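# Report on the structure
Spelled out, the chains give:
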Amino acid sequence: MAGRLSLSEEDLSCPVCCDIFREPVVLPCSHSFCKACLQQYWTKKISSRDCPLCRSESSTDEPVVSLTLKNLCDSYVKDSCVRGTAEGEETGELCSQHGEILKLFCLEDGQPICVVCHTSRKHKHHECCPVGEAVLEFKAEMRTALTTLRGKWETFGKARQDCEKTAAHIKMQARQTEERIKDDFEKLHHFLRVEEQVRVTALKEEEEEKSQMMKAKIDALERNMTSLSDTIRAIEEEIQVDDISLLHKYKTTMKRAQPTFQDPDQSSGVLINVASYLGSLRYKVWEMMLEMVQYTPVTLDPNTAAPWLILSEDLTTVADSEEKQQLPDNPERFNLDTAVLGAVGFSSGSHSWDVEVGDNTAWVLGVAKESVQRKEKVPSVLKNGYLSVYYYHKMYFAGTSPLTRLNLKKTPQIIRVILDCDRGKVTFSDPSDRTQIYTFKHTFTEMVFPYFWVGSKECPLRILPLEASVIQQHSG
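Notes on the structure in this doc start here.

## Remarks on the overall build of the chain
When helices and strands are counted, the chain shows eight helices and 19 strands. Whereas a compact globule of 476 residues would reach a radius of gyration of roughly 23 Å, the chain reaches 48 Å, over 25% beyond that. Judged by the C-alpha coordinates and their principal axes, the chain covers about 175 × 70 × 50 Å. The proportion of buried residues among the 476 residues of the chain is 30%.

Written out as structure tokens, the structure reads:
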């Protein structure tokens with residue numbers, strides 16, 4: 001009979017954990033590892049799957065289990081236990097009290113003892129087992145604990161990867177939000193620059209017009225003054241004459257001394273109308289800005305939007321899409337339903353918003369409690385915190401339990417949602433003819449948020465802006 005193959009512990013040890021193989025697997029490069037050790041190594045690598053020893057790429061997603069190596073390891077462990085028990089007298093540790101080999105393990109006291117200790121009063125009647133068995137049992141427990149710890153390590157590793165992805169998403173959100181802020185403020189700056197230029201241009205035109213008026217008046221005065229200077233000089237020369245010639249020229253001289261032009265006068269309205277430019281300037285510009293700005297009573301919260309939804313840059317429009325976006329699976333986000341919430345919740349007061357549904361063939365509108373389930377579909381929307389109206393398969397329903405079929409005379413293009421927290425009502429209507437669609441009566445015990453669900457890719461849902469106006473009030 002052939003002799004038993006002699007293998008050392010080093011031959012049967014995993015290169016990663018340096019312990020006897022546990023569930024050994026073999027890679028195409030012929031190197032073997034514990035399955036857990038290899039998976040842990042690949043988890044760290046994230047993108048590539050190579051051999052921890054030779055770094056050669058592995059083309060297989062699931063490494064092959066080596067049954068031969070597993071059997072060898074199991075046999076080695078059993079043989080080691082038997083050899084340890086048989087050779088205990090020669091190699092075992094001695095009892096400090098009796099000088100005998102510690103062959104037994106006291107299960108009650110949790111310590112190795114010798115055969116004399118076992119018969120002593122201290123350990124008499126205690127349950128004991130051979131040291132080899134205790135070693136195997138404790139090793140098995142340690143391996144189980146090690147597997148648990150490795151599993152926890154992998155869990156933390158995955159959580160770290162999720163955190164890294166979330167951190168990258170935060171940076172992207174910050175950059176995109178900054179760009180949108182700058183874009184909106186640039187539009188405001190452009191508007192202000194244009195308005196500033198309009199007013200400065202008007203001021204310069206008035207300045208030019210009134211300066212020309214003054215120049216013309218000054219020129220006329222200078223001409224009159226020149227004429228008067230000539231007359232004065234002529235009369236002064238005549239006055240110097242003492243003979244009879246003065247008498248001959250007297251009438252002509254006196255006639256010349258009578259000017260034909262009127263005395264200069266001060267005209268009104270010649271100054272710049274400063275008040276027209278500076279009077280309530282900021283207010284007037286702000287009033288004009290209302291024509292270029294919009295106010296929507298509800299803004300969508302992108303951090304709650306399902307990965308399949310596409311939101312507009314101003315966060316007022318939501319549409320369904322075929323492609324799932326790579327977004328963090330944060331607790332606020334809907335994961336299974338294609339839903340999104342408004343950014344601001346309500347717990348008191350009255351609030352309303354209009355949603356353009358258009359030709360969308362599948363939608364749900366209403367309000368949702370803050371505590372609604374966001375990671376799983378719910379069988380009863382009413383019992384799980386939703387107060388909403390449905391449109392699906394060309395039929396309208398109120399989200400009661402069970403659903404209530406609604407018979408509408410016409411297909412509304414716009415749905416108005418009116419939330420009255422204080423009176424405990426949510427009303428849906430068609431604002432085109434003020435037709436009431438349905439009213440929920442509910443006592444609100446927590447904050448609720450505007451709720452939007454879209455199941456059609458052809459037509460988005462759009463929150464309509466409100467008309468803004470300026471109301472002037474007299475003080476006192």
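Once you've had a look at it, read on.
## A few points about the side chain of Thr338
Within the fold, Thr338 resides in the loop between strand S8 (317-320) and strand S9 (339-341). Here the side chain of Thr338 touches Trp453 through a polar contact of 3.3 Å, side chain to side chain. Separated by 2.7 Å, the side chain of Thr338 and the backbone oxygen of Val454 make a polar contact. In this structure Thr338 touches Ala306, Trp308, Leu309, Asp320, Phe452, Trp453 and Val454, once residues within four positions along its chain are discounted.

## Points about the pairing of strand S12 (residues 386-392)
Most of S12 sits inside the fold, with six of its seven residues counted as buried. Connecting S12 to the antiparallel partner strand S13 (residues 395-398) that follows it, the hairpin turn spans two residues, and His393 within it adopts a positive phi of roughly 55°.

## Regarding the state of the cysteines
According to the stated counting rule, one finds zero disulfides in the structure shown. Summary of cysteine pairing: Cys29 is not part of a disulfide, and the nearest cysteine sulfur, belonging to Cys51, is at 3.6 Å. By relative accessible area, which is 26% here, Cys29 ends up partly exposed. Just so you know, Cys128 is unpaired, no disulfide at all, and the nearest cysteine sulfur is the one on Cys106, 4.6 Å from it. Residue class for Cys128 comes out partly exposed when judged on its relative accessible area of 22%.

## Regarding the pairing of strand S11 (residues 362-369)
Counting buried positions along S11 gives eight out of eight residues, so the element sits mostly inside the fold. As defined by bridge partners, S11 adjoins S12 across seven bridges and the pair is classed as antiparallel. By the bridge assignment for S12, Leu365 is matched with Val389. Across seven bridges, the pairing between S11 and strand S18 (residues 448-454) is antiparallel. Bridge assignment links Val367 to a residue of S18, and that residue is Pro450.

## Digging into the side chain of Arg374
Relative to the helices and strands, Arg374 is located in the loop between S11 and S12. Polar side-chain contacts of Arg374 include one of 2.8 Å to the backbone oxygen of Glu332. The residues touching Arg374, leaving out its near neighbours within four places in the chain, are Thr304, Pro331, Glu332, Arg333, Phe334, Asn335, Leu336 and Leu341.

## Topic: the sheet that holds strand S4 (residues 104-106)
Within a beta sheet, neighbouring strands are joined by backbone hydrogen bonds and run either parallel or antiparallel to one another. The three strands are arranged S5-S4-S6 in an open sheet whose pairing can be described as antiparallel. In this open sheet, the two strands that pair with only one neighbour each are strand S5 (111-113) and strand S6 (128-130). In this sheet, adjacent strand axes meet at a mean angle of 35° when their direction is disregarded. Each of S4 and S6 touches helix H5 (residues 131-239); the most contacted strand, S6, lies at about 90° to it.

## Overview of the pattern of salt bridges
Summed over the entire model, instances satisfying the criterion amount to 18 salt bridges. In this structure, the salt-bridge partner of Arg199 is Glu195, at a minimum N-O distance of 2.7 Å. Placement of the pair is Arg199 and Glu195 together in helix H5, with a separation of four residues, close to one helical turn. Residue classification places Arg199 among the partly exposed residues on the basis of a relative accessible area of 24%. Arg423 is paired through a salt bridge with Asp420; the nearest N and O atoms lie 3.9 Å apart. Through salt bridges that share partners, Asp320, Glu322 and Lys457 make up one connected network.

## A few points about a negative patch on the surface
Negative charge collects at one region of the surface, where Glu179, Asp184, Glu313 and Asp314 lie side by side. Residue position: Glu179 is located in helix H5. You can call Glu179 exposed: its relative accessible area is 55%.

## As for the layout of surface pockets
The computed volume of the largest pocket comes to approximately 1,200 Å³. Around the largest pocket, the lining comprises 34 residues; the ones closest to its centre are Arg180, Ser312, Glu313, Asp314 and Leu315. Of all the secondary-structure elements, those providing two or more residues to the lining of the largest pocket are H5, strand S7 (309-311) and strand S19 (461-463). The leading source of residues in the lining of the largest pocket is H5, at eleven residues. Taken together, the residues of the lining of the largest pocket break down into 15 nonpolar, eleven polar and eight charged.

## Concerning the packing of H5 against helix H6 (residues 245-256)
Two elements in contact, H5 and H6, have axes separated by 11 Å at closest approach and are oriented at 160°. Overall, the two elements H5 and H6 adopt an arrangement that is roughly antiparallel. For the pair H5 and H6, the sense of crossing is left-handed. Mapping the contact onto sequence places Asp230, Thr231, Ala234, Ile235 and Glu238 in H5 and Leu246, Lys249, Thr253 and Arg256 in H6. Broken down by class, the residue content of the contact of H5 with H6 amounts to three nonpolar, two polar and four charged.

The rules behind the values
- Residues numbered from 1 in each chain as written.
- Predicted model: local features only at pLDDT ≥ 70, side-chain atom pairs only at ≥ 80, totals over all residues.
- Heavy atoms only, no water.
- Helix = DSSP H or I, 4+ residues; strand = E, 2+ residues; numbered from the N terminus.
- Rg over C-alpha atoms; globule rule 2.2 N^0.38 Å.
- Buried < 20%, exposed > 50% of the residue type's maximum accessible area, 1.4 Å probe, protein only.
- Polar contact = N/O pair within 3.5 Å; in protein donor to acceptor, adjacent residues only side chain to side chain.
- Contact = heavy atoms within 4.5 Å.
- Pairing = 2+ DSSP bridges.
- Disulfide = S-S within 2.5 Å.
- Axes fitted to C-alpha atoms, helices over the stretch in contact; angles between N-to-C directions.
- Salt bridge = Lys/Arg side-chain N within 4 Å of Asp/Glu carboxyl O.
- Patch = residues over 30% accessible without salt bridge, like charges linked within 9 Å, V, L, I, M, F, W, Y side chains within 5 Å.
- Areas by Shrake-Rupley, 256 points an atom, 1.4 Å probe, with all protein chains shown as cover.
- Lys, Arg positive; Asp, Glu negative; His and termini not counted.
- Charge placed at Lys NZ, Arg CZ, Asp CG, Glu CD.
- 1 Å grid on protein atoms, 1.4 Å probe; cavity = no way out; pocket = protein on both sides within 12 Å on 5 of 7 lines; lining within 4 Å.
- Points joined across faces, edges and corners; volume = space filled by probe spheres on them.
- Nonpolar A, V, L, I, M, F, W, Y, C, P; charged D, E, K, R; others polar.
- Parallel < 35°, antiparallel > 145°, perpendicular 65-115°, else oblique.
- Left-handed = near helix turned anticlockwise from the far one by under 90°.

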